[in-house]
Structure formats: C-alpha cells, structure tokens
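Here is how the chains run, residue by residue.
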Amino acid sequence: MPKLPTENSPKVEIFVDDKAVMVPGDTNLLEALKAVGIETPHVCYHPYLPVSGNCRQCLVEQEGPRGRMLVIACYTPVSPGMKIYTPASSERVKSARKATQEFMLVNHPLDCPICDKAGECTLQENYMEAGQNESRMRPEYGKNYHGNPAHQFIDSKGQVRGGKRVDIGPRIVLDEERCVQCDRCVRFMRSIAGDEQLQLASRADHTYITTFPGEKLDHEYDLCVTDICPTGAMTGKHFRFQKRVWLLSRTPSISMDDSLGANIWIDHAEGKVWRLMPRCNPEVNRSWLSNTSRLAYQNFLKDRMPAGDVAPIKQTLAKEGKVALVAGGSCTIEDLAALKLLAEKLGERAEIFTGSFAPVLAADGIAKSGDPVANRAGMKLLGLPAGNLEELLKRVSEFSVLLSVHCDLFENENAAKILGAIPEKIALSAFNNATVKASTVALGVNHWSEVQGTMVNCNGMLQKLSAAPVSPDAELRPAFSVLAELAETPLSCACEAFALAKKMANVLSAYSYETIRSTGVMLDGVQL
Amino acid sequence: MVRQVKQKPMNWVERLYVFEALRGLFTTLKHALRGLLRYETLPTVPYPEMKPEIPRNYRARHRLMLRPDGMPRCVACGMCAAACPAHCIYIEAAETEDPRIEKAPARFDIDHLVCVFCGLCVEACPVDALRMDTCETSYVHPKRDDFVAPMFDLMTWDPKTYPQNDSQSQMAPGGTLNQQALDAWGMKVN
C-alpha cells in the first residue's frame with residue numbers, strides 16, 4: 001500500500017518546476033504533489049491499493065545524476081531537495097503523458113455514449129487533462145481487439161471487436177474491450193478482499209481480465225471493483241443502463257445498517273435513489289462498501305408506511321401500565337434523544353430498551369464491523385442501555401404498552417411469540433414490516449436516507465447523515481419529530497434535536513452540524 | 001400641464017363619412033380584388049386546402065432512424081436529452097437480446113408541447129438516430145397527453161418523397177448505409 005500523507009507528516013522542501021514547495025515527506029510524489037494542489041493524471045494508482053505502476057500515465061521529470069529523466073510519480077518516494085518538473089514547465093513530460101494517453105486509447109472502443117462510466121471515467125478525465133490528441137487511427141485498420149480470443153468477432157465495419165458484456169459474476173458484467181489492464185480489480189481482490197478471484201491472462205496487447213476457469217467473480221465486496229475500475233470495463237448489473245451519471249445528484253450520508261457506519265454517497269434523481277456509492281473516509285471505510293450496504297437502496301422505496309396522525313399513539317400511550325420504548329439500530333442520535341425525552345415525560349412508567357435480534361457477526365476488516373445495531377455507541381453515549389432486548393423478553397409481563405422505533409422486533413419468530421403478550425403495540429417504522437403488521441397502532445416515519453442526523457460509529461467517530469430529497473411522501477416525518485410531539489415538546493428541526501442530545505451527552509456539546517466534518521470527528525475520551 | 005390639440009375641422013366631403021371609409025379600406029379592398037381577379041399572384045396559401053411547401057432542412061417533427069431490422073438506431077445514450085434546452089425528451093434504456101447491440105431505448109418520448117424545435121438533439125446524436133426532416137408541422141390532438149410522441153410514433157414515419165441521392169440519408173428502410181450494414185450483417189437485402 002502506498003503511504004499516504006497525514007496531518008503529522010514531516011514537511012520537506014522539494015523543487016517543483018524550479019519553485020521551492022513544502023510537501024509531506026513520507027509519501028510518494030503523486031500524493032505529495034496532490035497535497036500542494038498539483039493533480040497528476042493516473043489510471044492504475046489508487047491510494048488504497050498496492051502500487052503497481054503499469055499505466056505510466058503519471059510521468060514527471062526528475063533531476064538525477066544522469067540528467068533529467070522521466071519517472072512515474074506514484075512509485076517515486078519524496079526525498080528532500082529533489083527537483084521535479086511537471087507539464088507546467090516541461091514539454092517532454094507533456095508529450096510523454098500525451099503519448100501514453102494516446103497509446104491507451106488506441107484500441108479502447110468509442111463506447112462513451114453507451115458506457116455507464118461515462119461522466120466519471122478516469123480515461124475521459126485524463127484525456128481532457130493530458131491527451132486531447134487528434135485521432136491518428138486509420139479507418140482501414142479500425143479498432144483491433146486482441147484480448148480474449150473466445151470473445152472476438154468482426155463488426156459491421158470490419159473491425160476486430162470482442163468481449164462485450166461478459167457475464168463474469170452474479171453482480172458484475174465485464175466488457176473486455178474497454179479494459180485498459182490497469183489491474184486495479186486484480187489488486188483489490190488480492191489485497192483488500194483477500195480472495196484472488198480475478199487474474200490478468202495472456203501478455204502484451206493480448207492481455208485480458210478473467211476469472212479462473214469455471215469460477216465466477218463472487219465476493220461480498222465485488223462491486224467495489226466497479227468503483228475502482230478507471231474505465232467502464234466492470235459495471236454493476238444493478239446500475240447497468242439505469243441512469244446517466246451526470247443526471248444524479250449526490251448527498252453525503254452514512255450507511256445505517258452496520259455499526260462501522262460506512263460513509264456513502266446517496267446518488268439520487270427525480271426523488272429516487274439510483275445507487276449508493278462509497279464515500280472515501282480514510283479512517284472508516286476508505287473507498288470500500290460492502291454489497292449488502294450498497295444494494296440496500298433497492299428496498300428503500302419498497303413497502304413503505306404512509307404518513308399518519310399522531311393522536312392514536314398519544315391515546316395508546318396514555319393508557320395504564322408500564323411502557324417499553326424500544327429503539328432500533330438505525331436510530332440517529334436525534335431519534336434517541338427524542339426517545340429519552342419521551343421516557344422522561346412518561347416518568348416512572350417508561351423504560352428504554354435498544355438493540356436488535358439480528359446476530360452480531362465478526363468484523364471483516366474492510367467496511368463492516370458486523371454489528372447490525374449501527375448507532376450502538378451513540379446509545380451508550382446518551383446513557384441508554386445498548387442492546388438489552390433479551391431483558392425485555394424476560395420481563396415482558398411487566399409491560400402493557402410497547403413502542404418500537406425503527407426496530408423490527410417481530411421478525412424474530414421466538415421474540416414475536418413472547419412480545420405478542422403485550423396488549424398495546426405501537427410501531428414507528430419506515431417499512432411495513434412484521435412489527436407493523438403485529439402492532440395495534442403504527443405510523444410511517446422517514447427512512448435514514450431521508451433524515452438529517454448524527455451517529456457514533458463503533459470506533460467512537462461522530463458522523464453526520466444528510467437528508468437526500470427522496471422521501472416518497474412529503475407528509476412523512478423523521479422519528480425524532482414524532483417522538484418529540486408525543487413528549488409534548490415539539491422539535492421543528494434536526495438541529496434542535498441535536499441541541500437536546502448535547503444536553504444529554506456533554507461530549508457532544510463541542511459540535512454542531514457545521515463543525516462535524518464530512519468524514520466525521522473522533523470523539524475524545526469516550527468509553528465505548 | 002394640459003396641452004390643447006387643435007384638430008383641423010373636417011370639410012363636408014369628409015363629414016359624409018362614406019368616402020373616408022372607402023379610403024381607409026383601400027389596401028384591404030385592393031387585396032380582395034387581387035384575390036378575385038389575379039389569384040395566382042397572392043403570397044399566401046389557402047391553408048388547409050393547399051399545404052405550404054416546407055423545405056427538407058426545416059426543423060419539423062422528429063423521427064427516429066431505423067436499423068435494417070426495423071429497430072431504432074438509438075442507443076439510449078441520453079445525449080439528446082442532455083442537449084435539450086426544454087427538457088422535453090425522456091429516455092429509458094434497456095439491454096437488448098441482440099448480441100450486436102448493447103443498449104437500446106425501452107422508452108423514448110418527446111413532448112411536442114414543450115419542444116422548442118431548436119434541433120440541438122439532432123446535432124447531439126452520436127449515431128444519427130434522430131432527425132427533424134419529416135416536414136410535418138401541424139400538431140392536432142384532442143388531449144394534452146397525445147402531444148407526447150412515444151417511440152413507436154417517432155419510428156413510423158412514412159417518407160412519401162425523400163431524396164434518394166443523399167448518401168448520408170437513410171430512407172426508412174433503405175439507403176446506402178443500411179445496404180452496407182445489411183451486407184455485413186448477412187441479412188436479406190430487399
């Protein structure tokens with residue numbers, strides 16, 4: 001893995017285009033130049049993959065003992081006093097990059113209009129940055145695909161083509177023609193996923209990406225190769241031809257199905273989520289996102305609960321007997337604060353339970369901690385019990401009202417049998433799930449993709465969710481708003497709910513939505 | 001400040017009104033008489049009995065070009081929709097069964113009530129799938145929704161007269177490019 005610059009990197013002086021600049025000293029030249037605002041076009045280099053250095057796109061000139069020579073910026077470590085020349089001053093670097101770019105595009109098909117990567121394609125970006133060549137392709141030669149011989153065919157113009165839409169796995173389609181052999185996907189499967197399923201076969205311009213004979217690309221993280229693929233060679237079947245990427249708007253948020261809280265982009269258009277993409281956070285999920293989290297969006301609009309009136313819930317809560325308030329894993333800090341407010345309002349009658357019946361799995365070390373209760377650390381922070389549903393099952397006879405928030409209690413058959421004994425069941429849920437069906441009163445609330453809020457991940461990092469404008473019904477409200485109304489202290493916005501949470505947990509008082517960075521802030525001195 | 005305008009008093013001929021009225025109608029009457037006596041010199045066309053001559057490069061109703069097998073040439077890339085200043089093109093893409101064609105439109109709608117007939121979509125198209133050379137300029141529909149032309153309507157244009165010598169053109173079906181494609185694809189040439 002390349003060593004990336006951090007805030008603590010030692011600063012060294014190097015000379016870029018004969019100008020002295022201070023750059024981080026413990027990294028490679030590409031990252032060092034990036035740190036001072038000089039972007040270097042690259043294809044095979046990825047900050048979270050081992051350096052391979054095969055694309056030769058990031059060439060710069062370095063002053064050496066034998067004069068100036070071209071070196072690749074991604075594999076050259078920064079050393080104090082080194083002299084670097086970029087295209088800003090060196091014509092040689094400019095033409096070298098341009099030639100590399102031209103060479104890379106020689107047999108790359110002109111698929112941009114139908115390619116799902118168009119608009120976010122590294123080759124397109126590099127072409128604008130370093131290429132802009134006039135085409136020297138002679139029509140009598142055309143494009144010649146020399147890769148996988150099994151997929152070659154001659155098209156209507158007499159060109160040798162091949163390898164379009166190769167079904168490489170259950171979730172991914174491979175276009176061998178578009179592949180530029182950067183081997184990012186191979187390195188990802190080898191080093192990050194730890195399951196070497198992809199290989200480069202053959203040599204030189206006959207190289208192509210393939211799996212082992214008879215095997216398919218099938219891994220929990222295999223859709224990450226579609227992100228890191230600099231071209232449209234690897235495309236996910238879930239997003240294939242769904243939407244042109246330039247029509248999508250992005251909202252930064254957090255995936256609330258796991259306690260690591262993978263940072264995501266919610267890509268939406270026309271009031272609908274079209275895909276979830278990993279959002280780079282060096283300390284949480286880097287650039288990776290599991291298939292489960294990534295494909296979760298497909299159910300965001302399915303089987304949703306309609307908005308409704310709070311009055312029946314109020315009446316039910318006003319009945320005699322103890323009230324069990326149950327918060328599910330995807331509750332934000334704001335929801336939990338409002339739930340605590342409701343518990344205070346109900347006084348002695350109420351008791352808060354949290355958690356999920358889903359099993360806690362082992363962390364996979366990539367982008368999942370295995371804990372389905374996403375905001376468990378946030379629950380601890382607010383002084384709530386973190387995961388005590390077993391206790392609720394034991395003491396179920398004490399309670400006469402059950403209020404669940406974002407928590408599918410009745411999915412578990414055993415729990416459903418025991419909890420069925422509680423006479424009044426209230427569900428605040430985004431989906432029409434088993435709990436809603438078993439409950440006496442139910443109300444639809446916003447899903448986590450539609451709310452602003454915060455969560456604390458399992459490493460004690462405070463991260464914020466932003467509301468994507470994808471709510472199926474404008475009348476739907478976030479859970480904290482409904483809970484606050486039940487507690488008869490209405491909260492008009494998420495920031496008010498966060499202010500409430502600040503009073504409950506002192507450590508939050510230093511932060512506001514403006515001061516929480518997009519990559520989150522590490523909470524100091526929090527015992528988790 | 002009030003300014004008083006003194007009008008010239010009318011004489012008795014003017015006060016008769018008849019001659020002044022005829023003088024005011026002189027141009028109208030002149031053209032009315034011309035229509036009666038020398039009809040062929042009029043610059044106007046008696047629509048709808050006679051239709052105006054519309055040049056081939058006039059930006060009229062859109063049509064989708066067809067492949068030799070009758071499917072639209074469109075690859076659903078969305079360039080026309082991206083170029084459209086009125087946002088009147090709606091495209092949904094889908095995969096096709098044909099191994100030679102990767103992407104094809106499942107839906108291609110043009111809302112002719114919203115369209116401003118600028119022709120940018122035609123220029124944006126990378127595969128020459130969209131043209132505005134139908135010379136059809138009248139849009140008569142009983143309902144608003146009918147003005148949204150779906151893919152089928154855009155594909156079924158009957159070229160009554162089309163220049164055969166246009167090498168770029170593809171009279172649907174036929175044309176030189178189609179002939180080449182038919183040969184290369186080994187399809188039956190008619």
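Computed from a predicted structure; not experimentally measured.

**Q** Teacher, can you tell me more about the overall build of chain A here?
**A** Broken down by element type, chain A carries 14 helices and 23 strands. Overall size of chain A, expressed as C-alpha extent along the three principal axes, is 85 × 55 × 35 Å. Relative to its full complement of 528 residues, chain A shows a buried share of 48%. Of the contacts made within chain A by residues no fewer than 6 positions apart, 64% connect residues no fewer than 24 positions apart.

**Q** Where do I start with the overall build of chain B in this structure?
**A** Looking only at helices and strands, one finds seven helices and five strands in chain B. Reading the secondary structure of chain B in the N-to-C direction produces α-α-α-β-α-β-β-α-β-β-α-α. Intrachain contacts of chain B at a sequence separation of at least 6 include 64% that bridge at least 24 residues.

**Q** Mind showing me how you'd approach the interface of chain B and chain A here?
**A** Residue-level contacts link 13 residues of chain B with seven residues of chain A. Elements supplying a minimum of two residues to the side of chain B that touches chain A: strand 2 (89-95) and helix 7 (176-185) of chain B. Looking at the side of chain B that touches chain A residue by residue, the class counts come to nine nonpolar, one polar and three charged.

**Q** Explanation requested: unusual backbone geometry in the structure shown.
**A** Peptide bonds are, in most cases, trans, and in most cases residues other than glycine have a negative phi. With an omega of 5 degrees, the peptide bond between Tyr47(B) and Pro48(B) qualifies as cis. Position of Pro48(B) among the secondary structure elements: in the loop between helix 3 (26-37) and strand 1 (63-64). If you check the backbone angles, Glu270(A) has positive phi at about 55 degrees while not being a glycine. The residue Glu270(A) is located in the loop between strand 14 (263-269) and strand 15 (272-278) in this model. Despite not being glycine, Arg286(A) shows a phi value in the positive range, around 50 degrees.

**Q** So what exactly am I meant to see when it comes to the packing of helix 8 (residues 333-346) of chain A against helix 14 (residues 494-504) of chain A here?
**A** For any two helices packed against each other, one specifies the inter-axial angle together with the distance between the axes. Residues and elements named next belong to chain A. Where helix 8 contacts helix 14, the axes come no closer than 8 Å and their chain directions differ by 65 degrees. By the angle between their axes, helix 8 is roughly perpendicular relative to helix 14. Crossing of helix 8 against helix 14: the hand is left-handed. When helix 8 is examined against helix 14, the residues Ile333, Glu334, Ala337, Ala338, Lys340 and Leu341 are found in contact with a partner set consisting of Ala494, Ala497, Phe498, Leu500, Ala501 and Met504. Partitioned by chemical class, the residues of the contact of helix 8 with helix 14 number ten nonpolar, no polar and two charged.

**Q** Mind showing me how you'd approach the pairing of strand 18 (residues 399-405) of chain A here?
**A** Looking along a regular strand, one sees the side chains alternate between the two faces of the sheet. Residues and elements named next belong to chain A. When you tally the buried positions in strand 18, you get six out of seven residues, the bulk of the element. Pairing between strand 16 (residues 322-327) and strand 18: six bridges, direction parallel. Bridging from a neighbouring strand, Val326 pairs with Ser404 of strand 18. As paired strands, strand 18 and strand 19 (residues 424-429) are joined by five bridges and run parallel to one another. Residue pairing across strands places Leu403 opposite Ile426, the latter belonging to strand 19. Taken together, strand 18, helix 11 (residues 413-419) and strand 19 constitute a β-α-β crossover, and its handedness is right-handed.

**Q** Mind showing me how you'd approach helix 2 (residues 91-104) of chain A here?
**A** For the α-helix, the turn length of 3.6 residues means that residues three or four positions removed from each other point alike. Residues and elements named next belong to chain A. Given a rise of 1.5 Å per residue, 14 residues ought to cover 20 Å, and the 20 Å separating the end C-alpha atoms of helix 2 matches this to within 8%. Looking only at helix 2, the buried set comprises Val93, Arg97, Thr100, Gln101 and Met104. For helix 2, the angular spread of buried residues about the axis comes to 100 degrees, placing them on one side. Relative to its buried face, helix 2 has exposed residues pointing more than 90 degrees away, namely Glu91 and Phe103. Where helix 2 is buried, its residues touch strand 3 (59-64), strand 4 (67-72), strand 5 (83-85) and helix 3 (122-130).

**Q** Any chance you could explain helix 3 of chain B here in plain terms?
**A** The end-to-end C-alpha distance of helix 3 of chain B is 16 Å, a good match for the 16 Å that twelve residues give at a rise of 1.5 Å each. Of all twelve residues in helix 3 of chain B, zero are buried; the element is thus mostly exposed.

**Q** What is the right way to look at the sheet that holds strand 9 (residues 172-174) of chain A in this model?
**A** Within a sheet, adjacent strands bond to each other through the backbone by hydrogen bonds, running parallel or antiparallel. Residue and element names in this part refer to chain A. Strand order in the open sheet made by the three strands is 8-9-12, with antiparallel pairing throughout. Either end of the sheet is taken by a strand with one partner, and the two such strands are strand 8 (166-167) and strand 12 (234-236). As defined by bridge partners, strand 9 adjoins strand 12 across three bridges and the pair is classed as antiparallel. Residue pairing in the sheet places Leu174 in a bridge with Met234 of strand 12.

**Q** When you look at the sheet that holds strand 2 of chain B in this model, what are you seeing that I'm missing?
**A** Residue and element names in this part refer to chain B. Strands sit in the order 2-3-5 across an open sheet of three strands; the sheet is antiparallel. Only two strands of the sheet have a single neighbouring strand rather than two, namely strand 2 and strand 5 (148-149). As paired elements, strand 3 (residues 103-111) and strand 5 share two bridges and run antiparallel to each other. Within strand 5, the residue paired with Asp111 across the bridge is Val148.

**Q** Mind showing me how you'd approach the domain arrangement of chain B here?
**A** Reports of interface size often rely on the accessible area that becomes lost once the parts have come together. Here the domain parsing of chain B yields domain 1 (12-41) and domain 2 (63-157). The C-alpha-based centres of domain 1 of chain B and domain 2 of chain B are spaced at 51 Å.

**Q** Any chance you could explain the packing of helix 2 of chain A against helix 3 of chain A here in plain terms?
**A** Residues and elements named next belong to chain A. Interhelical geometry of helix 2 versus helix 3 gives an angle of 145 degrees and a closest axis separation of 10 Å. For the pair helix 2 and helix 3, the crossing hand works out as left-handed. Touching Arg97, Lys98, Gln101 and Met104 of helix 2 are Leu123, Asn126, Tyr127 and Ala130, all from helix 3. The residue makeup of the contact of helix 2 with helix 3, split by class, is four nonpolar, two polar and two charged.

**Q** Sorry, what's going on with the confidence of the model for chain B here?
**A** It should be kept in mind that the predicted coordinates are not to be read in detail where pLDDT is low. All names here are of chain B. Looking at chain B as a whole, its pLDDT mean stands at 84, while 85% of the residues score no less than 70. Low pLDDT, under 50, characterises residues 171-175; the predicted model gives this stretch twelve contacts beyond four residues in sequence or across chains. Two summary scores accompany this predicted model of the complex, namely pTM at 0.87 and ipTM at 0.80.

**Q** Hey, could you run me through the nonpolar core in this one?
**A** Judged by nonpolar contacts, the single largest core of 141 residues is most densely connected at Leu325(A), Val326(A), Ala327(A), Ala337(A), Ala338(A), Val405(A) and Leu483(A). Val75(B), Ile89(B), Ala104(B) and Leu154(B) belong to the second largest nonpolar core, which has 28 residues in total.

**Q** I'm lost on the pairing of strand 3 of chain B in this one. Help?
**A** Sheet topology note: the strand 2 of chain B/strand 3 of chain B ladder contains seven bridges and is antiparallel. Counterpart to Glu92(B) in the pairing with strand 3 of chain B is Arg107(B).

**Q** What is the right way to look at the environment of Ala149(B) in this model?
**A** All names here are of chain B. The residue Ala149 is located in strand 5 in this model. Under the C-beta neighbour-count criterion, Ala149 is labelled buried, with 22 such atoms within 10 Å. Note: C-alpha distance between Ala149 and Lys103 (46 residues apart in sequence) is 21 Å. In this view, Ala149 contacts Asp109, Ile110, His112 and Leu154; residues no more than four positions away in its chain are not counted.

Reading the values: the criteria
Residues numbered from 1 in each chain as written. Chains lettered and ligands numbered in written order. Predicted model: local features only at pLDDT ≥ 70, side-chain atom pairs only at ≥ 80, totals over all residues. Helix = DSSP H or I, 4+ residues; strand = E, 2+ residues; numbered from the N terminus. Buried ≥ 20, exposed ≤ 12 C-beta atoms within 10 Å, placed from the backbone. Contact = placed C-beta atoms within 7 Å. Nonpolar A, V, L, I, M, F, W, Y, C, P; charged D, E, K, R; others polar. Axes fitted to C-alpha atoms, helices over the stretch in contact; angles between N-to-C directions. Parallel < 35°, antiparallel > 145°, perpendicular 65-115°, else oblique. Left-handed = near helix turned anticlockwise from the far one by under 90°. Pairing = 2+ DSSP bridges. Right-handed = clockwise from strand over helix to strand, strands pointing away. Expected span 1.5 Å × (residues − 1). Arc of directions from axis to C-beta. Domains from an automatic or database assignment. pLDDT = per-residue confidence, 0-100. Core = buried A, V, L, I, M, F, W, Y, C linked by C-beta atoms within 7 Å.

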